[in-house]
Structures are given as C-alpha cells and as structure tokens.
Amino acid sequence: MLVLVLSLCSFTKGETSEYDARRVAANLYEVTCDDYDYGYLLTKSGYGNIDFLKGGCSAVKKGSYLGRNFDFVAGDVAEIVVKTTRKKNRYATVGMVGGLLWLSSDVMESGLGEDAKKLIPLVLLDGINEKGLVVESNCVNAADVGGLTMHTNPGKEEVAQLCVVRYLLDKAATADEAIELMKNIDIVNTRDVMGLVAMGFEIHFLIADKDKTYVVEFDNTKPDGEKLIVMEDESVLTNFYLHLADTEKNIYSDNSMGVERYRKLADNRNTVDSVETMKALMQSIRFSNSNRQDGEYAPGENLDNPYTCFSDHPVFGENFINYANMKEHSLEILDRMKQDETLMEKILKDPKLENPNRLWFTVHNTVYDLENKTMSVSIYERYDKYYDYSLK
C-alpha cells in the first residue's frame, strides 16, 4: 500500500492565497486546511444542480471497521482528501469531499476562488478524527417524512446539514458525544451546494466509534425539538429511512433507494474482520454492479432474490441521449475507464460522451479502521489502487 504525505494548504480567514492542492491521481487531490468558519454554509445560496433520478451511497460498520461507498455521477469532478490539524477545541481529522459538479480538475489545478477555499473544508461526506470517531452521510428522499426538515431546534446554534460531518468530527471524541452535540444544535437545510434541497433530498448519518454505532435521521412530521430520530446499534445505512422501514411504508415506496444494497451489507457484514475484508464487501456492492446481468446483485423483478436491484436506477439513466446504444456499451466503457487512467480522464472530460452526468458509479470507497485511526480510499472503482492516511 502507498502511504501519502499531504501537502499544506492554508485557508486562513480573510487571506487571499494561492490554492495549493496536490494531485494524487486522475480527479483525486489532497489538501490540508488550517482555518474555516462553520457559519459560512449558512450565508449564501448554492451552486449548480443535478437532476437526481435516484441516488446511491452505502455504509456498514463491523467491529472496528467501517466501509463507505459514495455513488454519484461520473464527470470531471474532483474528489478531495481533506486533512485538518489539531487546534484548541478541535481534533485532527481526515475525510472526503466530492460531488461538487462545479469543481473540475481544471479548476483545482488552475486555482480556486476564496469562496471555494472556504467551502471545501466544511462539506465532508465522510471522515474520521484522531479519537477514532467516524461520521458519514447519505442522501435520502424526504418525501416520506413530510418534506425537508429546515430546522431541528430553532433558537439554538445553527449548523448546516452539509456541515454536520465536519462539526462532529472536530468536536466529539465518541459517538455518544456526537449524539449529544446533535441534540443541542439547530441543524438547518440552507445552502444547496450539491443540489440536494432543490430535488427534495436531505441527509441521514451513520456515526460510530469502536464501541457504539448510531443512525441519525430527520422527520419533518414531528414538532420542533423532536425532529431528530436517533437509533442505536444500527450498523448499515443506504438511502431509505430506517426509522420507517419496519412499517414497510418507506422501504417499498417509489422514493426509496438501496434496499438491495442494504440487504447485502446486512447479510454479509459478519464476513468482515479486517480492512481488506471490508474493502471486498464494499466492492461487491459497487454501483456499476447494479447494472450487471450476472451474479446475485443484478437488476430485475425477481423478488425471491433479496439482492435483486429494483430500487436503484441503472448505471445509465433513462434520460441519456441515445440511451439504448449507450446502455449496450456502458459496462464496457466503465471497465475500460477503470483499467486505463488516461482513458478515464479523456472520457470524463469529453462533452461528446452523450451527457456524462448520466453515468453513475461508485465515485469513492473509503474504509476506516477506528482502532488505528486510518482511512483507505479508492476512487472511480479503481480497486487496484488504495491511498492510505493515518492520524496516529
């Protein structure tokens, strides 16, 4: 395994400085952030949108290991390893930022504006801190819970939903501390930097240390102060509401996603006893597998097979131009992209790719060792290459 040394990038308030991001691989960058303002996400409107058909993200914890897949559209979009240093009242962290469609490799390498510099450290999708706490976030369609939860505790300190991962990793040493923090802030849906709010999506969270695991969701049908739903000992999270699953209202609704991914993770999590076995489990539910015709994780309507993919859209969505032709060749294109990094860069940047924003796959896979405070990450389903980071 390759252990990388991060370059230093300062995000000092009020300072205009050249953005120093290290390119690790095609569309993968590293930065270290020294200073940032949680409130920045509360101040401005968002960036561009994506027309979500359905989403995809998966997470599972077993013992001291937590795996996470971030499934999203392919395109010339940067994945960023963000590392922060320990400061007074703040733990050291490392985690992933991605899915910002306006943040291309060209933008990363030519220099970012001050707005982007202030934004990047705040919008972690998943990460770990020096105490071994991991927080990760998945999107979920809010239609089944009365729509978007705009506030959880009006009158308390406001923290944007997209900033919750950052906030908890900075301030909490354990999963229990993270839950108490969430109960005592006002989590708000304001800045739409990923287009989630416009499409009716919000976030739910898997929060874990080596001893405890929680899932936290929102329910807008509840009164203020009770909208936060906390579930202990839930170790798998995809893209439907777990607090509604026992009623079957949400799990089979048109708004649910990742039912088959959830089942496969739940049924196979006991096979995990190391970082490597967690990698294997997460690779088995990579998003491109949802379009395969062979194997148990495949599309169709055979509900006797618990892994039949009925709640995820195909790798290539229905709005794809020349959809039939592209669907026929989609898996071939994905396989070629994963085998040849140069070809991957060319394809992702080619405007003639029949609207590349309709190509979905696992954009990053992270595996966390909570005991040893490490993160391993691969991107774009290139599982021959993992990049390792340690907070020890």
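A quick note: this is a predicted structure, and the numbers were derived from the prediction, not measured. (Residues numbered from 1 in each chain as written. Predicted model: local features only at pLDDT ≥ 70, side-chain atom pairs only at ≥ 80, totals over all residues. Heavy atoms only, no water.)

Caption draft 1: Summary view of the overall build of the protein. Assigned secondary structure in the protein consists of 9 helices and 18 strands. Residues counted as buried form 61% of the 392 residues belonging to the protein. When the accessible surface of the protein is totalled, it reaches about 14,900 Å², and 46% of it is carbon and sulfur. (Helix = DSSP H or I, 4+ residues; strand = E, 2+ residues; numbered from the N terminus. Buried < 20%, exposed > 50% of the residue type's maximum accessible area, 1.4 Å probe, protein only. Areas by Shrake-Rupley, 256 points an atom, 1.4 Å probe, with all protein chains shown as cover.)

Caption draft 2: Up close: the layout of surface pockets. If you add up the space inside the largest pocket, you get close to 160 Å³. In terms of lining residues, the largest pocket is bounded by Asp-34, Asp-35, Tyr-36, Tyr-38, Lys-87, Lys-88, Asn-89, Arg-90, Asp-170 and Lys-171. (1 Å grid on protein atoms, 1.4 Å probe; cavity = no way out; pocket = protein on both sides within 12 Å on 5 of 7 lines; lining within 4 Å. Points joined across faces, edges and corners; volume = space filled by probe spheres on them.)

Caption draft 3: The arrangement of the pairing of strand 8 (residues 126–129) in detail. Side-chain alternation along strand 8 places Asp-126 and Ile-128 on one buried face and Gly-127 and Asn-129 on a second face that is also buried. For strand 8 and strand 9 (residues 134–141), the ladder comprises 3 bridges, and the chain directions are antiparallel. Residue pairing for strand 9: Ile-128 is matched across the bridge by Val-134. Hairpin connection between strand 8 and strand 9: a loop of 4 residues separates the two successive antiparallel strands, and Gly-132 in this loop has a positive phi of roughly 90°. (Pairing = 2+ DSSP bridges.)

Caption draft 4: Region of interest: the packing of helix 3 (residues 164–171) against helix 4 (residues 175–183). Contact geometry for helix 3 and helix 4: axes closest at 10 Å, N-to-C directions at 125°. It follows from the interaxial angle that helix 3 and helix 4 lie oblique. Where helix 3 crosses over helix 4, the two elements pack in a sense that is right-handed. Residues Val-164, Tyr-167, Leu-168 and Lys-171 of helix 3 touch helix 4, and the partners they reach there are Glu-177, Ala-178, Leu-181 and Met-182. Here the residues of the contact of helix 3 with helix 4 sort into 6 nonpolar, no polar and 2 charged. (Axes fitted to C-alpha atoms, helices over the stretch in contact; angles between N-to-C directions. Parallel < 35°, antiparallel > 145°, perpendicular 65-115°, else oblique. Left-handed = near helix turned anticlockwise from the far one by under 90°. Contact = heavy atoms within 4.5 Å. Nonpolar A, V, L, I, M, F, W, Y, C, P; charged D, E, K, R; others polar.)

Caption draft 5: Expanded view of the packing of aromatic side chains. Using the criterion set out here, one finds 6 aromatic pairs in the structure. Measuring from ring centre to ring centre gives 5.3 Å for Phe-70 and Phe-72, while their planes differ by 20°; the resulting arrangement is stacked. Phe-70 gets classed as buried once you look at its relative accessible area, which sits at 3%. Each ring, one from Phe-240 and one from Tyr-262, has its centre 5.4 Å from the other, and the planes form 65°; the classification is edge-to-face. Of this pair, Phe-240 sits in the loop between strand 15 (236–237) and helix 5 (242–245) while Tyr-262 sits in helix 6 (residues 259–268), and the two are 22 residues apart along the sequence. Accessibility classification places Phe-240 together with Tyr-262 in one group, the buried group. A connected cluster of aromatic rings, assembled from ring pairs, spans Tyr-36, Tyr-38 and Tyr-167. Sitting over the ring of Tyr-386, Lys-279 keeps its end group 4.0 Å from the ring centre. (Phe/Tyr/Trp six-rings, centres within 6.5 Å; stacked < 30°, edge-to-face > 60°. Lys NZ or Arg CZ within 6 Å of the ring centre and 35° of its normal.)

Caption draft 6: Structural view of helix 3. Most of helix 3 is tucked away, with 7 of its 8 residues classed as buried. Listed in full, the buried residues belonging to helix 3 are Val-164, Val-165, Arg-166, Tyr-167, Leu-168, Leu-169 and Asp-170.

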